[in-house]
Amino acid sequence: MRQLMKLHRIAALLLTQTSEAFFSQSLNSCQRQLSSSPLKMNLTNNNLNRAKQRISQAISIGAPAYNSGDIQKCAAVYTETAREIQPLLPTVFQTKIRYEVDDRSSETTRTNNYDAKAWALRRIFDSIMDYQMPIVPENYTQHKNIAFQPFTSSQLGQPIKVMDNVMGGISTGKWDPNTNSFAGVTSLVNNGGFASIRWRFENWQNWSYAKGIYIRGLKHSKPRDHTFSILVKDDTCERVRLANFKAVFGNPEQVDQPLLIPFDVFKQMEQMGRAVVGSPAFNPLAVTEIGLMAIKPAVVGEFSLEFSEWGLYT
């Protein structure tokens, strides 16, 4: 009987260890799938939105305090909020906040300068408020009905550079058609901070048969930090000065899968980065321009973006 009970205990132990191992492997598999899934993107967007709400609340308290002369209170409110939202933010902002709040080598921390601290955190807060979560590559192998139609050189023609020098900036950028790469430097000098390359269509394009734009083999500088924008213009944009539609994208995990940008993300026209209230959504029946952009706050300094192919998917 004792021998039989001992065998039962050994069998139960083995079953428990096997179950734990299976659960661990399953959990790791789920985490790997979640790392590039729409669910994670939604969760991260929710975190970012929560952080933005807390920033709005902090500014509603801190700004009046600063304006009334209580600069120390403003800095304290901003510091407390920064610590609270840090875990909710993308890595690039976590690093900036950690430096300003916790790093003793930070000038504002070392000198205990409340005015400089308040402004340093306010600039970070403003950058977070402007930040958009990127569309990222995912595993689309289960979507067997997707077809890819690459852009051709004759279809795109020669690109033109549009830099922030139109407003006094000094950012630079260059397109290499041999490698499908866009590289340069974005600078904040003179309130600048963007570099872009555009392809104008002599004959307006009818893309209504497609679902969106794809990019294959996407690689770029500082994968965890940098995001880029894809720009499109339609016939309505041509009637509104400096108007276009934008979608933010990136490849933080360096995933070797196509990036799919559906047309329905182009819901709101922008004019110089500001939403045009009441504007119609993007019209794929009459496409006049497509472009790529590196822009602050996501990209400041040197950048590079390259891919093997891009075009339309159906």
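Along each chain, numbering runs from 1 in the same order as the chain's sequence is written. Only residues with pLDDT of at least 70 get local features here, since the model is predicted, and only at 80 or more are side-chain atom pairs given and counted; chain-wide, interface and lining totals rely on the full set of residues. The side-chain numbers reported here are obtained from all heavy atoms of the structure, hydrogens and water having been left aside.

Focus on the overall build of the protein
- Helix and strand definitions here come from DSSP, where helices need a minimum of 4 consecutive H or I residues and strands a minimum of 2 consecutive E residues; each element is numbered from the N-terminal end. Secondary structure assignment for the protein yields seven helices and 15 strands.
- A 1.4 Å probe rolled over the protein chains alone gives each residue an accessible area, and that area as a share of the maximum for its type sets the label: buried under 20%, exposed over 50%, partly exposed in between. Out of the 314 residues in the protein, the part that is buried amounts to 42%.
- Should any heavy atoms of two residues lie within 4.5 Å, those residues are counted as being in contact. Contacts in the protein between residues far apart in sequence, at least 24 positions, make up 73% of those at least 6 positions apart.
- As displayed, the protein offers around 17,800 Å² of accessible surface, 53% of which is attributable to carbon and sulfur atoms. Each accessible area value is a Shrake-Rupley result obtained with a 1.4 Å probe; residue values ignore everything except the protein chains displayed when judging cover.

Let's talk about the sheet that holds strand β14 (residues 301-306)
- Strand order in the open sheet formed by four strands is β3-β4-β14-β7, and the pairing between neighbours is antiparallel. Strand pairing shows two members of the sheet lacking a second neighbour, β3 (172-176) and β7 (219-220), which therefore form its edges. When DSSP finds at least two bridges between two strands, those strands are taken to pair.

Quick word on helix α6 (residues 114-130)
- How far a helix is expected to stretch is found by multiplying one less than its residue total by 1.5 Å. The end-to-end C-alpha separation of α6 is 24 Å, in line with the 24 Å expected for 17 residues at 1.5 Å each.
- Every buried residue belonging to α6 is among Lys 117, Ala 118, Ala 120, Leu 121, Ile 124, Phe 125, Ser 127 and Ile 128, and all of these are buried.
- The backbone nitrogen of Asp 115 has a side-chain oxygen 3.1 Å away, supplied by the residue at the start of α6, namely Asn 113. Side-chain atoms alone can form a polar contact between residues adjacent in sequence; in general such a contact is a pair of N or O atoms within 3.5 Å, and within protein one must be able to donate a hydrogen while the other accepts it.

Structural notes on the side chain of Ser 187
- Its place among the elements puts Ser 187 in the loop between β4 (181-186) and β5 (194-205).
- Taking the relative accessible area as the measure of exposure, Ser 187 reaches 14% and is therefore buried.
- What Ser 187 contacts, discounting residues up to four positions off in sequence, is Asp 164, Ile 170, Ser 171, Gly 192 and Gly 193.

With respect to the packing of aromatic side chains
- Only the six-membered ring of Trp is used, alongside the rings of Phe and Tyr, when aromatic pairs are assigned; centres must lie within 6.5 Å, and planes under 30 degrees apart are stacked while those over 60 apart are edge-to-face, with the rest tilted. Summed over all chains, the structure comprises 18 aromatic pairs.
- Ring plane angle 90° and centroid distance 5.1 Å describe the contact between Trp 175 and Trp 199, whose orientation is recorded as edge-to-face. Taken together, the residues Trp 175 in strand β3 and Trp 199 in strand β5 connect sequence positions 24 residues apart.
- Its relative accessible area of 14% is what places Trp 175 among the buried residues.
- You can call Trp 199 buried: its relative accessible area is 2%.
- Plain terms: the ring middles of Phe 307 and Trp 310 are 5.3 Å apart, the flat faces sit at 50° to each other, and that makes the pair tilted.
- According to the relative accessible area criterion, Phe 307 is buried, its value standing at 4%.
- Classification of Trp 310 by relative accessible area gives buried; the value is 5%.

Looking at the sheet that holds strand β1 (residues 148-150)
- Here we have four strands laid out as an open sheet, ordered β1-β15-β6-β10, and antiparallel in their pairing. In this open sheet, the two strands that pair with only one neighbour each are β1 and β10 (259-262). On average, each strand axis in the sheet is inclined to that of its neighbour by 30°, with strand direction left out of account. Interaxial angles span 0 to 180 degrees and are taken between N-to-C directions of axes, which are lines fitted to C-alpha atoms, for helices over the stretch in contact.

A closer look at the pairing of β5
- Bridge analysis of strand β2 (residues 160-163) against β5 gives four bridges, and the strand direction is antiparallel. Paired with Met 163 across the bridge in β5 is Ala 195.
- Bridge analysis of β5 against strand β13 (residues 287-295) gives eight bridges, and the strand direction is antiparallel. Counted as the bridge partner of Ala 195 is Ala 294 from β13.

A few points about the environment of Tyr 313
- Take Tyr 313: it is sitting in strand β15 (residues 309-313).
- Sequence separation between Tyr 313 and Trp 207 is 106 residues, and the spatial gap between their C-alpha atoms is 9.9 Å.
- With near-sequence residues (within four places) excluded, Tyr 313 lies in contact with Ile 146, Ala 147, Phe 148, Ala 210, Lys 211, Gly 212, Ile 213, Tyr 214, Leu 260, Ile 261 and Pro 262.

A short note on the side chain of Ser 181
- Looking at the secondary structure, you find Ser 181 in strand β4.
- A polar contact is formed between the side chain of Ser 181 and the side chain of Thr 179, at a distance of 2.6 Å.

Let's talk about unusual backbone geometry
- That bond from Lys 296 to Pro 297 is cis: its omega, 0°, falls within 30 degrees of zero.
- Counting through the fold element by element, Pro 297 comes out in the loop between β13 and β14.
- Of note in the backbone geometry, Asn 180 takes a positive phi value of approximately 50° without being a glycine.
- For Asn 180, the position within the fold is in the loop between β3 and β4.
- Take Asn 180: its relative accessible area is 18%, and that puts it in the buried class.
- One non-glycine residue with positive phi stands out, namely Asn 190, at about 60°.

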